[in-house]
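Next come the chains, spelled out residue by residue.
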There are 2 protein chains.
Amino acid sequence: MKRAGRRPGAPATRDAIVAVARRAFATHGYEATTLRAIAREAGVDPALLIHYFGSKDRLFAIATGLPSGLPLLLQAVAGLPDADFAEALVRAYLGVVDSDRSRNSILALVRSAVSHEQAAATLREFVTAQLLPVIAGRSDHPDARLRACLVAAQLVGIAMLRHVVRAEPLASAGPDEIAALTAPGIKRHLR
Amino acid sequence: MKRAGRRPGAPATRDAIVAVARRAFATHGYEATTLRAIAREAGVDPALLIHYFGSKDRLFAIATGLPSGLPLLLQAVAGLPDADFAEALVRAYLGVVDSDRSRNSILALVRSAVSHEQAAATLREFVTAQLLPVIAGRSDHPDARLRACLVAAQLVGIAMLRHVVRAEPLASAGPDEIAALTAPGIKRHLR
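What you see as residue numbers is a count from 1 along each chain, following the sequence as written. Each chain takes a letter, starting from A, and each ligand takes a number, starting from 1, following the order in which they are written. Only residues with pLDDT of 70 or above have their local features reported here, since the model is predicted, and side-chain atom pairs are shown and tallied only from 80 upward, although totals for entire chains, interfaces and linings are computed over all residues. The basis for the side-chain values is all heavy atoms of the structure; hydrogens and waters are excluded.

Asker: Which residues make up the interface of chain A and chain B, and what values do they have?
Answerer: For interface size, the figure often reported is the accessible area lost on association. Residue contacts are counted whenever heavy atoms from the two residues lie within 4.5 Å of one another. Taken together, the contacts link 43 residues of chain A with 43 residues of chain B. Together, the buried faces of chain A and chain B total about 3600 Å²; carbon and sulfur atoms form 72% of this surface. Buried area adds together the accessible area that both of two parts lose upon being put together, with accessible area traced by a 1.4 Å probe. Contact with chain B buries surface across chain A, with Val 114, Leu 146 and Leu 181 of chain A losing the most and accounting together for 19% of the total. What makes a salt bridge here is a side-chain nitrogen of Lys or Arg within 4 Å of a carboxyl oxygen of Asp or Glu, nothing more. Seen at the junction of chain A and chain B, the total is 0 salt bridges. Contacts described as polar in this section are N or O atom pairs within 3.5 Å, which, within protein, must combine one atom able to donate a hydrogen with one able to accept it, while residues neighboring in sequence count only if both atoms come from side chains. Counting across the interface, chain A meets chain B through 4 residue pairs in polar contact (both at pLDDT 80 or more). Contributions of two or more residues to the side of chain A that touches chain B are made by α7 (100–115), α8 (117–136), α9 (144–164) and α10 (175–187) of chain A. For the side of chain A that touches chain B, the leading source of residues is α9 of chain A, giving 14 residues. Polar here means any residue outside two lists: the nonpolar Ala, Val, Leu, Ile, Met, Phe, Trp, Tyr, Cys and Pro, and the charged Asp, Glu, Lys and Arg; Gly therefore counts as polar. Its residues assigned to classes, the side of chain A that touches chain B comprises 26 nonpolar, 7 polar and 10 charged. A run of DSSP states H or I qualifies as a helix once it reaches four residues; a run of E qualifies as a strand once it reaches two. Both are numbered from the N-terminal end.

Below is the structure:
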């Protein structure tokens, strides 16, 4: 089914790439999947993938239904000094999950993850390959990765209580207040 | 549709009570709903409700699909000294959500909460009327209730990452390890 548009064929090609990417990430995981391999399987030039999607993690987000701000969020906090990391992480995370579009993506993603093993695998892939390393890399504890999971659990739980359950006063609290109360607990798990 | 059984009519009565209770909790909320009112609307003696369900919070759990261990969990930690509360809460919570039956209840509940406003309202009612008071009652902070939300978010997130996303090493970690790493962050929010 082709869509009408100014550049006939272009949207279909983009959709075809996303479909190939979705299958590749689901089959091989995030790390083992390359833009080059997706381009080859889709029969297009790798430069077109960069043109359409910018980067592998953006394409991953689009292919898997993750809110597209999540990979950018991780880039935004990656370069910060340790002292600022925890609070910036919470603020950036709330910036993503509080936006209307992201809220809908997250609801869709959670709904799928609970019902379909493939969606759960996608979320697992994002958490283990992208989110946990960014957090665990800030920790010197021997159990850094488990601690990173608990930090991720705090963030996931905030989105659930704020946007799915909508429990007050968390649903209406300002991002500053949440970040100020949450950051110290996160810092305990970091170096 | 009547079911066959040793005591004809009894299961239907129990089901009828649960249906009345589900409607009453959804309409009036947990606090404003009494066992007496449910019994009256169901046309049975209040003693029969105690006989069948034991207490209002057990009936709430059954009527709303909450894992039946959750209200018991809150009773179990209610009497503990402050020093033991945080770790006992995490341990008792893991005891509930790690059991096979509860895991399925939680998956069903989350699935419903994301899709149906009434299920979200049920979860909101449990969190705000039953879970948050137990946690906030241990806190002297002026923002005790928001802090209680963040504690609840930590617990909800652990269940999500452990049983829905199944992110390692959290999915395989022992309850002792999780409780030891989580309790200090919870204690910060309590008195």
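On we go.
Asker: Explain the side chain of Asp 57 of chain B residue by residue, including any values.
Answerer: All names here are of chain B. Tracing the sequence through the fold places Asp 57 in helix α4 (residues 56–64). The side chain of Asp 57 is buried and forms no salt bridge, while Arg 58, the nearest opposite charge, is found at 6.2 Å. Polar contacts involving the side chain of Asp 57 include one to the side chain of Gln 75, which spans 3.3 Å. Not counting chain neighbours up to four residues away, the residues in contact with Asp 57 comprise Tyr 30, Pro 71, Gln 75 and Gln 130. Accessibility here uses a 1.4 Å probe with only protein chains present; expressed as a share of the type maximum, an area under 20% marks a residue as buried, one over 50% as exposed, and anything in between as partly exposed. Charge assignment: positive for Lys and Arg, negative for Asp and Glu; neither His nor the chain ends contribute.

Asker: Talk me through the side chain of Thr 182 of chain B; I want residue IDs and the actual numbers.
Answerer: In this structure, Thr 182 of chain B sits in helix α10 (residues 175–187). Take Thr 182 of chain B: its relative accessible area is 4%, and that puts it in the buried class. Here Thr 182 of chain B is in contact with Leu 150 of chain A together with Val 90, Gln 154 and Ile 158 of chain B, once residues within four sequence places are set aside.

Asker: Can you tell me about the pattern of salt bridges, naming the residues and giving the values?
Answerer: Opposite charge on two side chains lets them pair, provided their charged atoms get close. Residues and elements named next belong to chain A. Throughout the structure, instances matching the rule amount to 16 salt bridges over all chains. For the salt bridge of Arg 91 with Glu 87, the shortest nitrogen-to-oxygen distance reads 3.1 Å. Taken together, the residues Arg 91 and Glu 87, both in helix α6 (residues 82–97) and 4 residues apart, mark about one turn of the helix. Through salt bridges that share partners, Asp 82, Arg 138, Asp 140 and Arg 191 make up one connected network.

Asker: Describe the relation of the copies chain A and chain B, with residues and values.
Answerer: Here the copies are superposed with least squares, the fitted atoms being C-alpha atoms of residues at a pLDDT of at least 70 in both. Rotating chain A by 180 degrees about the axis while translating it 0.0 Å along that axis superimposes it on chain B, leaving an RMSD of 0.1 Å. Accordingly, the operation relating the two chain copies is best matched by a two-fold axis. When the interface residues of chain A are mapped onto chain B, 100% of them again lie at the interface, so the same face is used by both copies.

Asker: Kindly report on the domain arrangement of chain A, identifying the contributing residues and their values.
Answerer: All names here are of chain A. By domain assignment, chain A separates into domain 1 (1–64) and domain 2 (66–191). Centre-to-centre, using C-alpha coordinates, domain 1 lies 26 Å away from domain 2. Contact with domain 1, which involves 10 residues of that partner, is made by 13 residues of domain 2. In total, about 980 Å² of surface goes out of reach between domain 1 and domain 2, with carbon and sulfur atoms giving 60% of it. If you look at where domain 1 meets domain 2, you find 0 salt bridges. There are 1 residue pair in polar contact (both at pLDDT 80 or more) connecting domain 1 and domain 2. Throughout the structure description, domain borders are defined by an automatic or database domain assignment.

Asker: Requested: an account of helix α5 (residues 69–78) of chain B, with residues and values cited.
Answerer: Structurally, the α-helix is built with 3.6 residues per turn, so residues lying three or four positions apart point the same way. Residue and element names in this part refer to chain B. Of the positions making up α5, those classed as buried are Leu 70, Pro 71, Leu 73, Leu 74 and Val 77. Projection of α5 onto a plane perpendicular to its axis shows the buried side chains occupying an angular sector of 155 degrees, all on one side. Among the structural elements, α4, α6 (82–97) and α8 (117–136) are those in contact with the buried residues of α5. Note: the arc covers the axis-to-C-beta directions of the helix.

Asker: Provide a residue-level description of the confidence of the model for chain A, including the pertinent values.
Answerer: Caution applies to low-pLDDT parts of the model: their predicted coordinates are not meant to be read in detail. Residue and element names in this part refer to chain A. Overall, the predicted model of chain A reaches an average pLDDT of 86, with 94% of residues at or above 70. The pLDDT value tells you how sure the predictor is about a given residue, anywhere from 0 up to 100. Of all helices and strands in chain A, the one with the weakest mean pLDDT is α7 (75), whereas α10 scores best (96). Low pLDDT, under 50, characterises residues 1–8; the stretch is placed with 2 contacts to residues that sit more than four places away or in other chains. For this predicted complex, the interface score ipTM comes out at 0.81, while the overall pTM is 0.81.

Asker: Break down the packing of aromatic side chains for me, with residues and values.
Answerer: Two aromatic rings, taken as a pair, are described by how far apart their centres are and by the angle between their planes. Residues and elements named next belong to chain A. Only the six-membered ring of Trp is used, alongside the rings of Phe and Tyr, when aromatic pairs are assigned; centres must lie within 6.5 Å, and planes under 30 degrees apart are stacked while those over 60 apart are edge-to-face, with the rest tilted. The tally for this structure, following the rule as stated, stands at 4 aromatic pairs over all chains. Look at Phe 25 and Phe 60: their rings are 4.8 Å apart centre to centre, the planes differ by 85 degrees, and that puts the pair in the edge-to-face class. Residue Phe 25 is found in helix α1 (residues 10–32), and its partner Phe 60 is found in helix α4 (residues 56–64); the two are separated by 35 residues along the sequence. Residues Phe 25 and Phe 60 agree in their burial class; the two are buried.

Asker: Account for the packing of α6 of chain A against α10 of chain A, naming residues and giving values.
Answerer: All names here are of chain A. Angular values range over 0 to 180 degrees, each being the angle between N-to-C directions of two axes fitted as lines to C-alpha atoms, with helices fitted over their stretch in contact. Between α6 and α10, the shortest axis-to-axis distance is 8 Å and the interhelical angle comes to 135 degrees. With respect to α10, the element α6 is oriented oblique. Seen from above, α6 lies across α10 with right-handed handedness. Residues Ala 83, Ala 86, Glu 87, Val 90, Arg 91 and Leu 94 of α6 touch α10, and the partners they reach there are Pro 175, Asp 176, Ile 178, Ala 179, Thr 182, Ala 183, Ile 186 and Lys 187. Of the residues that constitute the contact of α6 with α10, the class distribution is 9 nonpolar, 1 polar and 4 charged. Roughly parallel covers angles under 35 degrees, roughly antiparallel covers those over 145, roughly perpendicular covers 65 to 115, and oblique covers all other angles. Two helices that cross are described as forming a left-handed crossing if the nearer one is turned anticlockwise from the farther one by less than a right angle, and a right-handed crossing if clockwise.

Asker: Give me unusual backbone geometry: which residues, what numbers.
Answerer: Residues and elements named next belong to chain A. Pro 169 follows Glu 168 through a cis peptide bond whose omega is 5 degrees. Looking at the secondary structure, you find Pro 169 in the loop between α9 and α10. Even without being a glycine, Arg 166 presents a positive backbone phi close to 55 degrees. Checked against the element boundaries, Arg 166 lands in the loop between α9 and α10.

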